Amino acid sequence: MVSIARPLALGLTAEGALDFEALYAKHARYIAGVVHRLMGDDGELDDIVQETFVDAIEGLKRLVDPSATRAWLVTVAVRRVNLSDPKAPMLQDYVDPKRYTYLPNTAGCHTANDAVRTLRLAREAGGWNLVKLEVLGPPPHLYPDMRATHEALDVLVADGFEVMVYCADDPIAAKRLEEAGAVAIMPLGAPIGSGLGIQNPAMLSMLIEQAGVPVLVDAGVGTASDAAIGMELGCDAVLLNSAIAHARDPVLMARAMRAAVEAGRLSHLAGRMPRRMGADPSSPLAGLIR
């Protein structure tokens, strides 16, 4: 249950001194709901909830300062988290909205209507205008449905939203999204959650070259080198989740991602050396002692 214990541990550190019984009373119901959705069987629910709390508290000993990763933007799956009911655990209890910018998204939406309705609800709940739009095709690929994405974007722009758009790594489609009012383009590196890395760097480079808005590589990042490659190509940022959530040590991987993003950006600004088909001695030949 690492994926539950880790954010719980972050929340516990924010609450100061540990009172196990009080913490259990406050968070157990939420954890139990997550476990029920994941397991579909309540036979071992109580044991798993207790183990999750134990793992979270033990994890505090290994937890580094979360600000060390320097993340500043947090995507929020509006259909999957509580943002407005103060009687239940809320995302704001775990991720400080004063420190991080929330980016409500339409994860799980497969039609334009669902996406538009979801983001309208998000604005009502939190007043957010900056949002991430993603409209997905069917499993197993969950590839961006570009026709539905365009339909939703037109409605959202007319409604006054600032829309960052998840899309295919297609330069023509990306330019049309920009022309339709997208404030940022977010092409996938590979299918969501695949960890395959950037599969089409040539098309991504062409997309970046023509873009007049920020470009963020989104989906498919599996390890730090993938993030570095995206930044070296000229992306303005990298958006990721699974690569950290499914790492053996998520906090350590988050630190690796930070270093990779910074290194990739510096490499892009520095400009790489030209590629050559043959060797070229790095030491000068003039003045050799003979």
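Our subject is the structure that appears above.
It should be emphasised that the depicted structure is a prediction, and the values quoted were computed from it without experimental measurement.

Enquirer: Is there a simple way to explain helix α7 (residues 201-210) in this structure?
Expert: Side chains of residues three or four places apart in an α-helix project in the same direction, reflecting 3.6 residues per turn. Restricting attention to buried positions, one finds in α7 the residues L204, L207 and I208. Projected down its long axis, α7 carries its buried residues within an arc of 95 degrees, all on one side. At its buried positions, α7 is contacted by α6 (171-179), β5 (184-187), β6 (216-218) and α8 (224-233).

Enquirer: Looking at this model, I keep getting lost on the pattern of salt bridges. Mind explaining?
Expert: Pairing between side chains of opposite charge can happen when the charged atoms of each approach one another. By the definition in use, this model includes six salt bridges. Note that E134 is salt-bridged to K132, the shortest N-O span being 2.9 Å. Classification of E134 by relative accessible area gives buried; the value is 6%. In this structure K132 comes out as buried when scored by relative accessible area, which is 5%. Between K132 and D218 there is a salt bridge, with its nearest N and O atoms 2.8 Å apart. Linking K132 in strand β3 (residues 130-133) with D218 in strand β6, this pair joins segments that are 86 residues apart in sequence. Since its relative accessible area comes to 7%, D218 is described here as buried. Salt bridges linked by common partners bring K132, E134 and D218 together as one network.

Calculation rules
Residues numbered from 1 in each chain as written. Predicted model: local features only at pLDDT ≥ 70, side-chain atom pairs only at ≥ 80, totals over all residues. Heavy atoms only, no water. Buried < 20%, exposed > 50% of the residue type's maximum accessible area, 1.4 Å probe, protein only. Helix = DSSP H or I, 4+ residues; strand = E, 2+ residues; numbered from the N terminus. Arc of directions from axis to C-beta. Contact = heavy atoms within 4.5 Å. Salt bridge = Lys/Arg side-chain N within 4 Å of Asp/Glu carboxyl O.

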